[in-house]
Amino acid sequence: MSTENEGNEGTAAQAVPSVPPVPAAPPEGTPAPPSAPPVPGLSDAPASQQSGQARDWPPPQPPQQAKDWPPPQPPHSPEQQTTHAQPGPSAEDPTAAVTTPMAPVAPDSGTAAQPQAAGGWPPPPPTVPAYAQDAGAGGGGPVWGAAAQLQSPEASQRRRAGGLVAAVAVAALVAGGIGGALGYWAADRNDSGNSSGSTTISASANPQDLKRDPGTVAGVAARALPSVVTIDAQSGDGEGGTGTGFVYDREGHILTNNHVVASAANSGQLTATFSNGKKYDAEVVGRAEGYDVAVLKLKNAPSGLAPLALGNSDQVAVGDSTIAIGAPFGLSNTVTTGIISAKNRPVASGDGSGGSNSYMSALQTDASINPGNSGGPLLDARGAVIGINSAIQSTASSGQSQAGSIGLGFAIPINQAENVAQQLIKTGEPVYPVIGATVTMDEKTGGAVISDQGSGGTSAVSPDGPADKAGLKAGDVITKFDDAVIDSGPTLIGQIWTHKPGDQVTLTYKRDGKVSTAEVTLGERKGDN
């Protein structure tokens with residue numbers, strides 16, 4: 001377990017004279033052309049002659065335009081003249097067969113001429129009258145056959161307004177699809193005075209003015225980050241690393257992991273950098289290798305330090321939200337989130353320097369924790385510290401000295417870490433609760449087995465120690481510590497170290513196949529030696 005921790009060829013119509021011939025009556029079976037309303041100023045004939053008389057509408061055209069449209073066409077046989085009712089697409093113009101439900105307009109360059117029905121009725125459209133060019137070079141007046149163009153000025157205005165609304169609606173939908181590029185284009189067009197209105201929307205407030213609810217991750221992070229420091233530890237020979245810590249009290253004490261500062265504890269240099277960039281030298285107050293806890297003290301600590309509030313790790317439940325803050329791979333002030341995945345997870349970890357292992361009954365979280373997060377706070381949804389991020393389980397591949405998070409992170413419960421911190425601040429050395437017996441570290445024994453002998457050939461059960469007084473012997477297999485199931489020596493040690501010296505606990509053990517219990521009052525051991 002590691003502790004580093006997205007044109008229309010062939011379809012042209014026959015040429016027409018400047019004033020189209022209008023037969024007295026359409027052929028039999030052919031519908032008459034629609035009548036047109038009287039248009040003031042277009043004819044001096046009485047209104048009765050202006051309405052329903054095809055030869056009166058449109059008025060005679062100026063001769064200069066008659067010669068311009070339509071252009072002379074090559075002669076066609078009668079068979080050719082009757083096959084143009086529905087021209088199909090050609091290789092040169094694949095859009096020739098596309099039709100739209102709109103009234104036909106006078107064709108411009110590249111537009112197909114209108115087909116004629118049998119007998120020459122209705123007559124082909126005339127050239128564009130002079131008054132059709134009143135709106136400018138682009139043309140904006142009424143055109144042949146376009147009924148909407150013959151409406152009153154008020155109706156035309158309403159129609160143009162309706163078209164503008166439709167255009168704006170389409171622009172809004174497209175803008176939502178392609179994002180800021182079109183939004184910038186619209187803003188640029190408006191600024192240049194090319195548009196009479198705007199389709200852009202302004203935010204109600206600047207992002208920096210938005211206030212996050214205190215219960216959100218952003219709110220919690222904003223309050224906690226000023227109290228979290230990035231620790232740089234450099235040993236005397238220039239080696240070192242980066243970790244994390246947090247303000248423990250207003251006197252300038254910083255709580256972190258032992259393995260973060262171990263390399264610089266004796267003759268190295270320690271600095272603590274706050275989220276605002278201010279850096280302070282620091283010194284070690286005390287270290288506990290077994291707990292993997294250390295306390296630093298800022299030199300020339302600034303006034304106004306804000307200690308992080310400490311929670312109650314005993315009240316944490318699986319599924320509770322978690323927020324981890326640290327400097328993974330040196331990236332200071334990194335915030336990640338997750339949940340409590342498990343409680344009382346037995347974890348044994350080392351600092352990689354050959355020192356003593358540490359044991360904990362850890363809080364497991366899936367918040368992303370990586371090397372450099374070590375020593376940083378694990379917060380609950382309120383922003384209270386519930387643990388110190390200390391270790392990760394990883395699947396390091398060959399050639400990698402440090403592995404990343406796979407969602408298995410472990411934190412020292414803050415209740416335990418607080419007890420250790422208070423002891424270190426008070427005396428400078430840790431105090432460990434013990435049962436006075438040596439157990440094997442084999443994790444496949446179904447319990448914590450008391451060894452046959454202790455280190456250096458001493459007795460595995462200390463004479464007159466807590467275990468001896470409770471009647472425990474070498475070879476006994478401890479299977480429960482109070483209500484916690486014990487499956488190995490490391491699990492037992494982790495459970496013991498969640499208590500204090502003098503606490504009374506119940507041990508369940510097996511001897512020769514028989515299950516028994518014993519009441520044990522925990523003793524103490526000072527220091528790491």
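Refer to the structure presented above.
All of these numbers come straight from a predicted model, not from anything done at the bench. (Residues numbered from 1 in each chain as written. Predicted model: local features only at pLDDT ≥ 70, side-chain atom pairs only at ≥ 80, totals over all residues. Heavy atoms only, no water.)

A count of helices and strands for the chain gives ten helices and 19 strands. Accessible area of the chain: about 29000 Å², with a carbon and sulfur share of 51%. (Helix = DSSP H or I, 4+ residues; strand = E, 2+ residues; numbered from the N terminus. Areas by Shrake-Rupley, 256 points an atom, 1.4 Å probe, with all protein chains shown as cover.)

Our next topic: the sheet that holds strand 5 (residues 279-288). Spatially, 1-2-3-6-5-4 is the arrangement adopted by the six strands of the closed barrel, whose pairing is antiparallel. Within this sheet the neighbouring strands show an average axis-to-axis angle of 40°, counted without direction. As paired strands, strand 3 (residues 253-256) and strand 6 (residues 293-298) are joined by four bridges and run antiparallel to one another. Of the residues in strand 6, the one forming a bridge with Thr256 is Ala294. Packed on one face of the sheet, helix 8 (residues 414-427) meets strand 2 (240-247), strand 3, strand 5 and strand 6 and runs near 55° to strand 6. (Pairing = 2+ DSSP bridges. Axes fitted to C-alpha atoms, helices over the stretch in contact; angles between N-to-C directions. Contact = heavy atoms within 4.5 Å.)

Counting residues in each nonpolar core, the largest one holds 52 residues, and the members touching the most others are Leu255, Val293, Leu379, Ile478 and Leu492. Apart from residues no more than four positions distant in its own chain, Leu492 is found in contact with Ile435, Val439, Ala448, Ile478, Phe481 and Ile486. (Core = buried A, V, L, I, M, F, W, Y, C linked by side-chain atoms within 4.5 Å. Buried < 20%, exposed > 50% of the residue type's maximum accessible area, 1.4 Å probe, protein only.)

Let's shift gears to helix 6 (residues 217-224). Gly219, Val220, Ala221 and Ala224 are the residues of helix 6 that are buried. The elements touched by buried residues of helix 6 are strand 1 (228-234), strand 7 (321-326), strand 8 (334-349) and strand 10 (377-379).

Here we come to the environment of Val295. Topologically, Val295 is positioned in strand 6. Taking the C-alpha atoms as reference, Val295 lies 9.4 Å from Val261; in sequence the two are 34 residues apart. Residue contacts for Val295: discarding those within four places in its chain leaves His253, Ile254, Leu255, Glu283, Val284, Val285, Gly286, Ala421, Leu424 and Ile425.

This part covers the pairing of strand 1. Of all seven residues in strand 1, five are buried; the element is thus mostly enclosed. The sheet contact formed by strand 1 and strand 2 spans seven bridges and is antiparallel. Note on strand 2: the bridge partner recorded for Gln234 is Gly240. The hairpin turn running from strand 1 into strand 2, its antiparallel successor, is five residues long, and Gly238 in that turn takes a positive phi close to 95°. Bridge count between strand 1 and strand 4 (residues 269-274): six bridges; the pairing is antiparallel. Directly across from Thr230, in strand 4, lies its bridge partner Thr273.

Its 14 residues place the ends of helix 8 20 Å apart at the C-alpha level, agreeing with the 20 Å of an ideal helix rising 1.5 Å per residue. At the exit of helix 8 stands Gly428, carrying a positive phi of roughly 85°. (Expected span 1.5 Å × (residues − 1).)

Turning next to the environment of Ala474. Residue position: Ala474 is located in the loop between helix 9 (466-469) and strand 15 (477-481). Those residues in contact with Ala474, other than ones at most four positions away along the chain, are Ile450, Ser451, Asp452 and Val461.

Quick look at the pattern of salt bridges now. Tallied over the entire structure, the rule returns two salt bridges. Among the salt bridges present, the one from Asp380 reaches Arg382, with a minimum N-O distance of 3.0 Å. Arg382 sits in the exposed class, given a relative accessible area of 60%. We note a salt bridge from Arg511 to Asp476, for which the minimum N-O separation is 2.8 Å. Placement of the pair is Arg511 in strand 17 (residues 504-511) and Asp476 in the loop between helix 9 and strand 15, with a sequence separation of 35 residues. (Salt bridge = Lys/Arg side-chain N within 4 Å of Asp/Glu carboxyl O.)

The next thing to look at is the packing of aromatic side chains. Across all of its chains, the model carries five aromatic pairs by this definition. Here the aromatic rings of Phe274 and Tyr280 are separated by 5.7 Å at their centres, their planes lie at 90°, and the arrangement is edge-to-face. Judged by relative accessible area, Phe274 falls into the buried class, the value being 8%. Overall, the relative accessible area of 16% leaves Tyr280 in the buried class. (Phe/Tyr/Trp six-rings, centres within 6.5 Å; stacked < 30°, edge-to-face > 60°.)

Another point: the sheet that holds strand 10. Taken in spatial order, the six strands of this closed barrel run 7-8-9-12-11-10, and their pairing is antiparallel. For this sheet the average axis-to-axis angle between neighbouring strands, irrespective of direction, equals 50°. Here strand 9 (residues 358-365) runs beside strand 12 (residues 409-413); their pairing, made up of three bridges, is antiparallel. Across the sheet, residue Gln364 finds its bridge partner in strand 12, namely Phe410. Packing of helix 8 onto the sheet brings it into contact with strand 9, strand 11 (385-392) and strand 12, and relative to strand 12 it is tilted by some 50°.

Positive phi, close to 50°, is recorded for Phe329, a residue that is not glycine. Tracing the backbone through its elements, the reader meets Phe329 in the loop between strand 7 and strand 8. In this model, Asp464 sits at a positive phi of 65°, which is unusual for a non-glycine residue. Residue placement: Asp464 occurs in the loop between strand 14 (448-449) and helix 9.

Geometry only, nothing functional implied.
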